[in-house]
Amino acid sequence: MTGYVLRRLLATIPVVLVVSLVVFVLIRVVPGDVAVLMVTGGGEAAHTTDALAQIEKLRRQLRLDRPLPEQYAVWLWGAVRGDLGQGYWLGTPVAQEVLRALPVSVELAIYSLAVSLIVAFPVAILSSVRQDTWQDYLGRLFSIAGLAIPEFWLGTLFVLLPVLWFNWIPPIRYVTIFEDPGRHMLHFLFPSLALGLSFSATVMRLLRSSLLEVFRQDYIRTAWSKGLAERAVILRHALKNALIPVVTLLGLRIGRLLSGAVVVEVIFGLPGMGRMTVDAIRMRDYPIVEGLVLVFALGYALVNLMVDIAYAWLDPRIRYG
Amino acid sequence: MNGRACLGLGRTAAGAVALLAVACASAPGAPPAPGPAGAEKQPQYGGRFRGAIYGAFESLDPHHQAGGGKGLQNLIVYNGLLKFAKEPVFTADRVQCDLCERWEQVDPQTFVFTLRKGVKWHNLPPVNGREFVAEDAKFNLERQATQNPRFRSGGLVAAIDKVEAPDNYTVRITLKAPSAPFLHNMATGWNAFVAKEAVAAEEDALAIKKYHIGTGAFVFDEYQAGVVLKTVRNPSFFQEGRPYLDAVDMHIIPDDKTRFAAFMAGEVDEPGFFVRPSDAAEMRKNPNLEVKQVFMTFAYAFAMNTKKKPFDDARARRAVHLALDRQEMVKLLAEGEGCINPPGISCALAPWAIPAEELLKLPGYRQPKTEDIAEARRLAKEAGYEGLKLTLQAYGSGDGPDRMQLTAEQLRRNLGWDVTLEVLDPPVLTQRQLAGEWTGGHVPALAGTAEPDLALSQIQPSTRSAQARYGYEDAQLEELIIKQRQTVNTQERQKLLRDIQNLLLEKHYVIGTYEIAAYRGWNKKFQGLSAEPRYGELIRWFSDVWMEK
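Being a predicted model, the structure only gives us computed values, none of them experimental. (Residues numbered from 1 in each chain as written. Chains lettered and ligands numbered in written order. Predicted model: local features only at pLDDT ≥ 70, side-chain atom pairs only at ≥ 80, totals over all residues. Heavy atoms only, no water.)

> Please set out the overall build of chain A residue by residue, giving values where relevant.
Tallying secondary structure elements over chain A gives 13 helices and zero strands in all. The secondary structure elements of chain A, listed N-terminal to C-terminal, are α-α-α-α-α-α-α-α-α-α-α-α-α. Residues classed as buried in chain A amount to 50% of the 321 residues present. Partitioning the contacts of chain A with sequence separation of at least 6, the portion at a separation of at least 24 is 73%. Of the roughly 15,200 Å² that chain A leaves accessible, carbon and sulfur atoms contribute 69%. (Helix = DSSP H or I, 4+ residues; strand = E, 2+ residues; numbered from the N terminus. Buried < 20%, exposed > 50% of the residue type's maximum accessible area, 1.4 Å probe, protein only. Contact = heavy atoms within 4.5 Å. Areas by Shrake-Rupley, 256 points an atom, 1.4 Å probe, with all protein chains shown as cover.)

As structure tokens, then:
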């Protein structure tokens, strides 16, 4: 297993290199670069009447006029030495910006996953055990509703409805856990619910169908025949084997939550990596985008590795040489 | 000329100002003297104002900014030579001293400012509270004039030829030519003075500012990127007894609905950039909220690439001008509350703009549109553009797509053109415009202040940006724009601006559309706030804001 883990970690390097190269090139060939934005404000009123000359000058200052391979080599050399550069707009170190947003996204991911699992597991188990009963129909209705309702719409409701009914809004001014733990946790409650409830529908459907398949296996029939209690059959025998596809899904979800929960982050005012990514792309802040992409690539690779390790724990037949 | 502005615009200004929001509810300026019961309220010390803005700061250096509803609120830590008087808000002539005690116009091109004594920079390293002197003003004005491409406020000092500091409290500014916008440009919030020790070398485009050191009523405390800008009371502010508030925080809440909901629930004390009429109706239901209407000054216009077909033909441009239904735009895009722009100037900038009662009788602006549509179709046919297939471009931000959708629909309906839209990311469209690779569309905002020259400088034919974008050459327009800029006499300047608008109504290089009316709101416990829609104009009056406990 140790060898396998090491080989997987080494294999991450070329993956991250390719991803960083592709993103590096893509963001730079998109028209409307950072120089245009800085000089003209994206078309909004500015006091600059000779934008063309200023844009060229700024491109030279930012070394955007250098050949792409040279720009990439400079960035890569810095990244290898732990220097991801500085953001173009505020001039703050990229690593500092990313490390500021990372805990927010990680927290949101953990809480929303917890909500998903806490909601999905009981519903899926009940639904599968009581197949084709009213409990099952209710569970499936819940999952269809969860799949149909976008998480950002749910998030908007969580903001607007309390204001309309109670003249109260969930916290949307972010504070760290050290500043105000109670407010900090309350701030994460509603976005976690919005993301978690939405994803729980997917987990529920997958787990239910996985459990139904496992229930048909001979060893489960044997367990019933032996007279084991329902709880033991489900939790000790069936559930573990039904979790493999769910673990795969969770791994994908973690990656998506770290990078793509931008709409929920915007609605609830959370300064996470999703929002930072979209802002950085919009502002053409190339160093920030590149730093974030690096983190995402590493994050996905790590999560995939953890999923593979989890497979081995769940199914002893799976062994890695 | 004495130190108090005396360039009043007369009766027409008074009538025009009546259209605009009256500023604050409470008395401006110095706290009222104690009086009998029932007298005006006495300002109280203490409290924290929680503002809301819709986007993160592009830069914390004020000279990197030149517009936008976000990124202005950091200006609260700075002062400039002048500032706008609080009321009325949109009259460019009403300027008064900020860091100066008085000023004198020695001749048409020379101004001498006598600075206040004892003004201190914020007590932050490396400046550590030293006195603000004339050399600091000179540094800032010259800094903005450098050709550093990140300094988007360079246009504010473009009229200046040289700045001298003969002693610690005198600043002598010599202009290249008489300049009507000069005093406005000195008073605007973007012309802010930063401490020279705190800024990095100019050749470094990525100048990192470690401290935002100004002389303002509030001192920079902390900026959490994307979250909040915090400032605290400046105990050494040069106005004795000011500011009243302990702190002003600006929370970044990107989502419009969330920001508005936060305001309605009391999570923040004002709703951000501006509020639409439909949301203002909700605000009015709450007796604890102050609601004021303001007209924006964006000078929204439809612009074209006159180097490319079909808009290289004046008949095609006129056809568009006649076909556009501005009243429908106000109704559908501004929720019925707005005004209609003449070309090149915002309708909210009375008395510079053609008055509405005149404008709405002109072809293109009048209702019903039957005659105009018939003439538009005739012109299009004559120019060979009957049934034209056309692609227009839209800025993919804000209400840009909505405006272009409606414009495209009007052109389809009224001209019979087959119009398709390209909705593009703002910098992408800007780059294409500067490369001449576009056809036409709404420009996001020509201006945004009380000074008409800002919009006109964007469409001045000789400027490289206008040349690249719009492609027209017009010696008469060029001459008029330069002349109005150098004409300080208000009546004469009004006439020139009228000539410009008439010329644009003939040539249609840009086509005026509409202006939106929006609303400002705040919690009534805060006294001294203004209905000015963008803080850049009146941010320095935050020194007078106080909270009723």
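So, next bit.
> Go over the state of the cysteines with me, naming the residues and quoting the values.
Residue and element names in this part refer to chain B. Considering all chains together, one arrives at two disulfides over all chains under this definition. Here Cys97 pairs with Cys100 through a disulfide, and the sulfurs are 1.9 Å apart. Because the torsion about its S-S bond is -105°, the bridge between Cys97 and Cys100 counts as left-handed. Residue Cys100 is classed as buried on the basis of its relative accessible area of 0%. Taking only the cysteines that form disulfides and numbering them from first to last, chain B has the pattern 1-2, 3-4. (Disulfide = S-S within 2.5 Å.)

> Before we move on, can you summarise the interface of chain B and chain A with the specific residues and values?
Often, the extent of an interface is quoted as the loss of accessible area on bringing the components together. Counting residues at the interface gives 60 residues for chain B and 54 residues for chain A. Between chain B and chain A lies a buried interface of about 4,900 Å² when both sides are counted; carbon and sulfur atoms form 58% of it. Our count for the chain B to chain A interface comes out at four salt bridges. Run the count over chain B and chain A and you get eight residue pairs in polar contact (both at pLDDT 80 or more). Contributions of two or more residues to the side of chain B that touches chain A are made by strand S8 (218-224), strand S10 (247-252), helix H4 (256-264), helix H11 (426-434), helix H12 (452-458) and helix H13 (464-469) of chain B. It is H11 of chain B that provides the largest number of residues to the side of chain B that touches chain A, a total of six residues. For the side of chain B that touches chain A, the class distribution of residues is 31 nonpolar, 17 polar and 12 charged. (Buried area = accessible area lost by both parts, 1.4 Å probe. Salt bridge = Lys/Arg side-chain N within 4 Å of Asp/Glu carboxyl O. Polar contact = N/O pair within 3.5 Å; in protein donor to acceptor, adjacent residues only side chain to side chain. Nonpolar A, V, L, I, M, F, W, Y, C, P; charged D, E, K, R; others polar.)

> Before we move on, can you summarise the sheet that holds strand S6 (residues 160-167) of chain B with the specific residues and values?
Residue and element names in this part refer to chain B. The four strands lie next to each other as S4-S5-S7-S6, forming an open sheet whose pairing is antiparallel. Two strands bound the open sheet, and with one partner strand each, they are strand S4 (100-107) and S6. Adjacent strand axes in the sheet meet at a mean angle of 20° when their direction is disregarded. With five bridges connecting them, S6 and strand S7 (residues 170-175) associate as antiparallel partners. In the strand pairing of S7, Asp167 is matched with Thr170. Running at roughly 165° to S6, helix H2 (residues 134-145) makes contact with strand S5 (110-115), S6 and S7 of the sheet. (Pairing = 2+ DSSP bridges. Axes fitted to C-alpha atoms, helices over the stretch in contact; angles between N-to-C directions.)

> Quick rundown of the pattern of salt bridges? Include the residues and the values.
Residues and elements named next belong to chain B. One pass over the structure, following the stated rule, counts 51 salt bridges over all chains. Between Arg130 and Asp136 there is a salt bridge, and its shortest N-O distance comes to 2.7 Å. Judged by its relative accessible area of 23%, Arg130 is partly exposed. With a closest N to O distance of 3.3 Å, Glu382 and Arg315 form a salt bridge. Separated by 67 residues along the polypeptide, Glu382 in helix H9 (residues 370-382) and Arg315 in helix H6 (residues 314-323) bring together distant segments of the chain. Look at Glu382 and you get partly exposed, because its relative accessible area is 44%. Take Arg315: its relative accessible area is 30%, and that puts it in the partly exposed class. Sharing partners across several salt bridges, the network here consists of Asp313, Arg315, Glu375, Arg378 and Glu382.

> Can you lay out the environment of Val34 of chain A for me, pointing to particular residues and giving the numbers?
Residue and element names in this part refer to chain A. Take Val34: it is sitting in helix H2 (residues 34-40). Linking Val34 and Leu102, residues 68 residues apart in sequence, is a C-alpha distance of 24 Å. The residues contacting Val34, other than those within four sequence positions of it, are Leu62, Leu64, Tyr88, Trp89, Met283, Arg284 and Tyr286.

> So, the nonpolar core: which residues are in play, and what are the values?
A general trend in soluble globular proteins is that nonpolar side chains are found buried together. Of all hydrophobic cores here, the largest spans 68 residues; its most connected members are Leu82, Phe113, Ile173 and Phe542 of chain B. Leu108, Ala120, Leu250 and Ile267 of chain A belong to the second-largest nonpolar core, a separate cluster that totals 63 residues. (Core = buried A, V, L, I, M, F, W, Y, C linked by side-chain atoms within 4.5 Å.)

> Can you break down the packing of helix H5 (residues 94-129) of chain A against helix H13 (residues 286-314) of chain A residue by residue, with the values?
Packed helix pairs are specified by the crossing angle of their axes together with the interaxial distance, meaning the distance between the axes. Residues and elements named next belong to chain A. Two elements in contact, H5 and H13, have axes separated by 9 Å at closest approach and are oriented at 55°. Classed by the angle they form, the pair H5 and H13 counts as oblique. Read as a crossing pair, H5 and H13 show a hand that is right-handed. Listed contacts from H13 to Val94, Glu97, Val98 and Leu102 of H5 are Pro287, Ile288, Gly291, Leu292 and Val295. Taken together, the residues of the contact of H5 with H13 break down into seven nonpolar, one polar and one charged. (Parallel < 35°, antiparallel > 145°, perpendicular 65-115°, else oblique. Left-handed = near helix turned anticlockwise from the far one by under 90°.)

> Can you lay out the confidence of the model for chain B for me, pointing to particular residues and giving the numbers?
Residue and element names in this part refer to chain B. Scored by pLDDT, chain B comes out at a mean of 85, with 86% of its residues at no less than 70. In the predicted structure, residues 1-38 sits below a pLDDT of 50 and forms 68 contacts with residues beyond four places in sequence or in another chain. Confidence drops under a pLDDT of 50 for residues 201-208, and excluding neighbours within four residues, the segment shows 18 contacts in the predicted structure. Reported for the predicted complex are a pTM of 0.86 and an ipTM of 0.85. (pLDDT = per-residue confidence, 0-100.)

> Please give an account of helix H1 (residues 2-29) of chain A that cites residues and values.
Relative to the 40 Å expected for 28 residues at 1.5 Å per residue, H1 of chain A spans 41 Å between its end C-alpha atoms, a close match to the ideal helical length. All of the buried residues in H1 of chain A are Tyr4, Thr12, Val16, Ser20, Val23, Phe24, Ile27 and Arg28 of chain A. (Expected span 1.5 Å × (residues − 1).)

> Any details on the sheet that holds strand S11 (residues 289-295) of chain B? Residues and values, ideally.
Residues and elements named next belong to chain B. One open sheet accounts for three strands, arranged S11-S18-S13; its pairing is antiparallel. The sheet terminates laterally at S11 and strand S13 (338-340), the two strands that pair on one side only. Mean inter-strand twist for the sheet, computed between neighbouring axes without regard to direction, equals 20°. Looking at chain direction, S11 and strand S18 (residues 514-523) are connected through seven bridges and run antiparallel. The partner of Leu289 across the bridge, within S18, is Asn523.

> Describe unusual backbone geometry, and please don't skip the residues or the numbers.
Residues and elements named next belong to chain B. The omega angle of the peptide bond from Pro125 to Pro126 is 5°, so this bond is cis rather than trans. As for its placement among the helices and strands, Pro126 is situated in the loop between S5 and H2. Cis geometry is adopted by the peptide bond preceding Pro351, which originates at Ala350 and carries an omega value of 5°. Positionally, Pro351 belongs in the loop between S13 and helix H8 (356-359). Of note in the backbone geometry, Ala299 takes a positive phi value of approximately 55° without being a glycine. In this structure, His508 takes a positive phi of about 55° despite not being glycine. Topologically, His508 is positioned in the loop between helix H15 (490-507) and strand S17 (510-512). Overall, His508 belongs to the buried group, its relative accessible area being 1%.

> Provide a residue-level description of the packing of H6 of chain B against H9 of chain B, including the pertinent values.
Residue and element names in this part refer to chain B. Where H6 contacts H9, the two axes come as close as 8 Å, and the packing angle between them is 160°. What the angle tells us is that H6 and H9 run roughly antiparallel. The handedness of the crossing between H6 and H9 comes out as left-handed. Judged by residue contacts, Arg315, Arg318, Ala319, Leu322 and Ala323 of H6 engage Asp372, Glu375, Ala376, Leu379, Ala380 and Glu382 from H9. For the contact of H6 with H9, the residue count by class is six nonpolar, no polar and five charged.

> Residues and numbers for the side chain of Asp33 of chain A, please.
Note that Asp33 of chain A resides in the loop between H1 and H2. Judged by relative accessible area, which is 9%, Asp33 of chain A ranks as buried. At 3.1 Å, the side chain of Asp33 of chain A forms a polar contact with the backbone nitrogen of Ala35 of chain A. Those residues in contact with Asp33 of chain A that lie beyond four places of it in its chain are Arg59, Arg284 and Tyr286 of chain A together with Gln431 of chain B.

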